[in-house]
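Descriptive structure summary
One letter stands for each residue in the lines below.
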Amino acid sequence: MKNPFVMECGNYKTSYSKDMELFRVRRVKIRMLIIVILLFLFPLFASNYVIGLATLCAIAVIGAIGLNILTGFTGQISVGVGAFLAVGGYTSAIFTTTYGLSFWISLPLAGLITAIIGGMFGIPSLRLKGLYLAIATLAAQVIILWVISSWSVTGGGAGMVLERPAIGGFSFYDQNSYYYLCLIVAVFTTIYALNLFRTRTGRAFLAVRDRDVAAQIMGINLFSYKVMSFAISSFIVGIAGALLAHYTMIVTVELYSIQVSIQYLAMILIGGLGSVFGAILGAVFITLLPVGLGYMVEYLTIFIPDAHSLLSSFREVVFGLVIILFLIFEPGGLVHIWNNIKNYFRLWPFSTKE
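Everything in this summary refers to the structure shown in the same document. (Residues numbered from 1 in each chain as written. Predicted model: local features only at pLDDT ≥ 70, side-chain atom pairs only at ≥ 80, totals over all residues. Heavy atoms only, no water.)

Next up on the list: the packing of helix α3 (residues 48-71) against helix α7 (residues 175-196). When two helices pack together, their arrangement is given by the angle between the helix axes and by the axis-to-axis distance. Relative orientation of the contacting elements α3 and α7 amounts to 25 degrees, with a least axis distance of 9 Å. In terms of their interaxial angle, α3 and α7 are classed as roughly parallel. Here α3 and α7 pass one another in a crossing that is left-handed. Listed contacts from α7 to N48, I51, G52, A54, T55, A58, I59, I62, I65 and I69 of α3 are Q175, N176, Y178, Y179, C182, L183, V185, A186, T189, T190, A193 and L196. Across the contact of α3 with α7, the residue classes break down as 15 nonpolar, seven polar and no charged. (Axes fitted to C-alpha atoms, helices over the stretch in contact; angles between N-to-C directions. Helix = DSSP H or I, 4+ residues; strand = E, 2+ residues; numbered from the N terminus. Parallel < 35°, antiparallel > 145°, perpendicular 65-115°, else oblique. Left-handed = near helix turned anticlockwise from the far one by under 90°. Contact = heavy atoms within 4.5 Å. Nonpolar A, V, L, I, M, F, W, Y, C, P; charged D, E, K, R; others polar.)

Structure (structure tokens):
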């Protein structure tokens, strides 16, 4: 007979196996399954333009999760994510276009080479912290882009042209098929990230972020785990870079400027540092923000037709203003807002104020 004292009671877990479950409540499992099904049914009801935006969101989700593993979960600031996207994109372009390898081989190779380069630039993280580490990763951005633009194999400043992946006679050229490819990679990346922080390695990352001196006293090798965090993060970012390169079918140095790195930092800041769900929300928000601002500018030009150039620059101002407002009024990001909304309806009609 099963001991009633070791049975699950409500949200309280009385065994390690229950405590280690990814989704501890059945309704959460059902909710996640419904969301995934809706995402796969989405192309049936959307136009090609909307599907293209959704594809960009899926690629941004992959890159944001990779950056959040490094910055949000391990506490290592990186301002060079744009360069690592470039490494992934150019690596896949070289293997597929120059050497004729299959996309399915070049994709993991792009992630692997990006991980090696990211780990190399992560070596100074043992001695550098905060602003100094940010400057070091900014130097990585400059160095990597300079090497790419000066190397004849990469086509220099002219860039390279790519093709969409294919399996046998089937090509992922149309919007729907490439959306499904990016969505599947995004789903597996999310599952990997969620499971990573239930392992010894992920918990070590959290310990390094919260108090690295205490983590070292407990026996955590700071050098190994910091470099490992850079490598894992860069691998995922490299995968995102390769997918983006084959989606745009062109890679040039101008596509991976410092502005791209700032956009990815904005994704995890606005979404919520140290949260996989926050990285997803932030990636979707930042990807769709220019589109929403573009519609707003077009609407305002109806009433102010002569101020189109002024309103176009207004979009850049709004982008920076959104980041500042989130840092001031909601540093927890979109995921914190979402949790507050859930708690409000869970406890309603009782007050949620402390």
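Attention now moves to the packing of aromatic side chains. What describes a pair of aromatic rings is the distance from one ring centre to the other and the angle between the planes of the rings. Counting across every chain of the model gives 13 aromatic pairs. Seen in terms of ring centroids, W104 and F172 are 5.7 Å apart; in terms of plane orientation they differ by 65 degrees. Their pairing is edge-to-face. Residue W104 is located in helix α5 (residues 103-122), and its partner F172 is located in the loop between β3 (170-171) and α7; the two are separated by 68 residues in the primary sequence. Judged by relative accessible area, which is 32%, W104 ranks as partly exposed. Look at F172 and you get buried, because its relative accessible area is 10%. Taking the centre distance of 6.2 Å and the plane angle of 85 degrees together, the rings of F205 and Y225 count as edge-to-face. Of this pair, F205 sits in helix α8 (residues 200-210) while Y225 sits in helix α10 (residues 222-248), and the two are 20 residues apart along the sequence. (Phe/Tyr/Trp six-rings, centres within 6.5 Å; stacked < 30°, edge-to-face > 60°. Buried < 20%, exposed > 50% of the residue type's maximum accessible area, 1.4 Å probe, protein only.)

Tracing the backbone shows S92 in helix α4 (residues 81-98). Ignoring any residue separated from it by four or fewer positions in sequence, one finds S92 in contact with F103, S106, A110, A242 and H246.

Once that is clear, we can look at the environment of V322. Secondary-structure assignment places V322 in helix α13 (residues 308-329). Relative accessible area serves as the criterion here: at 15%, V322 is assigned to the buried category. In this structure, the C-alpha to C-alpha distance between V322 and I270, residues 52 residues apart in sequence, is 8.5 Å. Setting aside chain neighbours within four positions, we find V322 in contact with I270, F285 and L289.

Moving on to empty space enclosed by the protein. Summed over the entire model, instances satisfying the criterion amount to one cavity of 30 Å³ or more. A volume near 50 Å³ is recorded for the largest cavity. Lining the largest cavity, in full, are L67, L70, S78, V81, F84, F230, S233, S234 and V237. When residues of the lining of the largest cavity are assigned to their parent elements, the largest contribution, four residues, is made by α10. Its residues assigned to classes, the lining of the largest cavity comprises six nonpolar, three polar and no charged. (1 Å grid on protein atoms, 1.4 Å probe; cavity = no way out; pocket = protein on both sides within 12 Å on 5 of 7 lines; lining within 4 Å. Points joined across faces, edges and corners; volume = space filled by probe spheres on them.)

Turning our attention to the nonpolar core. I69, Y90, L243, V251, Y256 and Y264 are the most contacted members of the largest nonpolar core, which totals 77 residues. Sort the elements by how many residues they give to this core and α10 lands first, with eleven residues. Contact partners of Y90, with chain neighbours within four places excluded, come to I148, T154, G156, G159, M160, V251, T252, V253 and Y256. (Core = buried A, V, L, I, M, F, W, Y, C linked by side-chain atoms within 4.5 Å.)

At a minimum axis distance of 7 Å, the contact between α5 and α10 shows a crossing angle of 140 degrees. Judged by the inter-axis angle, α5 sits oblique to α10. In the crossing of α5 with α10, the sense of the turn from one axis to the other is right-handed. Where α5 approaches α10, its residues F103, L107, P108, A110, G111, L112, T114, A115, G118, G119 and G122 are matched on the opposing element by V227, F230, A231, S234, F235, G238, I239, A242, L243 and H246. Split by residue class, the contact of α5 with α10 holds 13 nonpolar, eight polar and no charged.

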